[in-house]
Amino acid sequence: MLKRSMQFIGILLLALIFFMIVLVATTWAPDQPLANLKQKWAPAPSAFINLHGLNVHIRDQGIASDPVPIILIHGTSSSLHTWEGWTDVLKTQHRVISMDLPGFGLTGPNVQDDYSNQVYVRFIIELMDQLGIQRCILGGNSLGGEIAWQVAASRPDRVEKLILVDAAGYAFIPESIPLGFRIARTPVLNKLVELTLPRDMMEKSVRNVYGNPEKVTAELVDRYIATTLRAGNRHALVRRFSQLDAGAGSDKIKSLHLPTLIIWGAKDKLIPVKYAQEFHRDIPGSQLQIFDQLGHVPQEEDPAATIKVVQDFLR
């Protein structure tokens, strides 16, 4: 019996190895150097600035004399492109800054291989220092929202208003996790993430975070694939998931005492809408706007509807 069991396990392992070899062979997708991506994904007004050895992809638009600029922070596996619909409107009356976080977009990985929240909070403050920004209006989506409120909690003197869009912060329980994230979080399988990138996997992952999956276009999938393939980003994603500490520091949310707008998609399956209510409960005087038909990235899925709420809040 034991011999048969060992033979069966051996056959399963061989089958798994064969499957992985075939998968890598048919979906192999090598890292792409920044030079191959800049022309299409970093046209003007994109720029690259050096920040402690990082070549940060940034867009600094709008009214340069604005004393309190708006800074927007994207989420996991996203990029500054997610804010384009908002920035097109906001830049007519404000200075608006968006960037690719280390490990994502075109900025690329950091040399410390550290993607903890503390490192991201320090990154935003150092970026503000380099740009000469003393106070800002800080907004973020998902991971970006978590970074935004943590910056506000640690340096309340630097943040005048806060915009949280389907933000992380609590020890949330997802209803559904994008396929790409599930693989990146799974030991052994996550090694494949650095070698392959099947288009259908990326498309399913993006559709998973939209309330209306039919809005996911081929061009949108192209963008997510291109920024994921930026050299070092897939390794950074695996590292980020290995360093996650969901809910750590969430007690600090109650310490926030600044004008705060909370925007949420009711169809968010990654960070369900009940967590919007928790932010609203814990941040005194906060405003909450829920969009019934939108998902985890409402600023990207329907910028026209969501920006109106932002404009009202800023006024």
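Residues numbered from 1 in each chain as written. Predicted model: local features only at pLDDT ≥ 70, side-chain atom pairs only at ≥ 80, totals over all residues. Heavy atoms only, no water.

Caption draft 1: Main features of unusual backbone geometry. With an omega of 15 degrees, the peptide bond between Ala44 and Pro45 qualifies as cis. Relative to the helices and strands, Pro45 resides in the loop between α2 (34–41) and β1 (46–51). The phi angle at Asp113 is positive, at roughly 60 degrees, despite the residue not being glycine. By the secondary structure assignment, Asp113 is in the loop between β4 (95–99) and α4 (117–131). (Helix = DSSP H or I, 4+ residues; strand = E, 2+ residues; numbered from the N terminus.)

Caption draft 2: Examining the side chain of Thr76 more closely. Mapped onto the elements of the fold, Thr76 is located in the loop between β3 (70–73) and α3 (84–90). Apart from residues no more than four positions distant in its own chain, Thr76 is found in contact with Phe104, Leu143, Phe181, Leu237 and Phe241. (Contact = heavy atoms within 4.5 Å.)

Caption draft 3: Representation of the environment of Ile63. Turning to its location among the elements, Ile63 is positioned in the loop between β2 (54–62) and β3. As a C-alpha pair, Ile63 and Phe291 span 228 residues in sequence and 30 Å in three-dimensional space. Leaving out residues up to four positions away in the same chain, Ile63 has contacts with Lys91, Thr92, Gln93, His94 and Arg95.

Caption draft 4: Looking closely at the pairing of β3. Burial along β3 is two-sided: the face carrying Ile70 and Leu72 and the face carrying Ile71 and Ile73 are both buried. Relative to β4, β3 is paired through 4 bridges, and the arrangement is parallel. In the sheet register, Leu72 faces β4, and the bridge partner there is Ser98. Note on the crossover from β3 through α3 to β4: the handedness is right-handed. (Buried < 20%, exposed > 50% of the residue type's maximum accessible area, 1.4 Å probe, protein only. Pairing = 2+ DSSP bridges. Right-handed = clockwise from strand over helix to strand, strands pointing away.)

Caption draft 5: Expanded view of helix α10 (residues 233–242). Counting buried positions along α10 yields 7 of 10 residues, so the element is predominantly enclosed. Among all positions of α10, only Asn233, Arg234, Ala236, Leu237, Val238, Arg240 and Phe241 are buried. Buried positions along α10 lie against α4, α5 (143–154), α6 (179–184), α7 (190–193) and α9 (218–228).

Caption draft 6: Quick look at the pairing of strand β7 (residues 260–265). Most of β7 is tucked away, with 6 of its 6 residues classed as buried. Of the two faces of β7, the one carrying Thr260, Ile262 and Trp264 and the one carrying Leu261, Ile263 and Gly265 are both buried. Examined bridge by bridge, strand β6 (residues 159–165) and β7 share 4 bridges and lie parallel to one another. Its bridge partner lying in β7, Leu164 is registered against Ile262. Of the strand pairs in this sheet, β7 and strand β8 (residues 287–291) are connected by 5 bridges, and their pairing is parallel. When the bridges of β8 are listed, Gly265 appears paired with Phe291. Read as a crossover between parallel neighbours, the route from β7 over helix α11 (residues 274–282) to β8 is right-handed.

So yeah, pure geometry; function would need other evidence.
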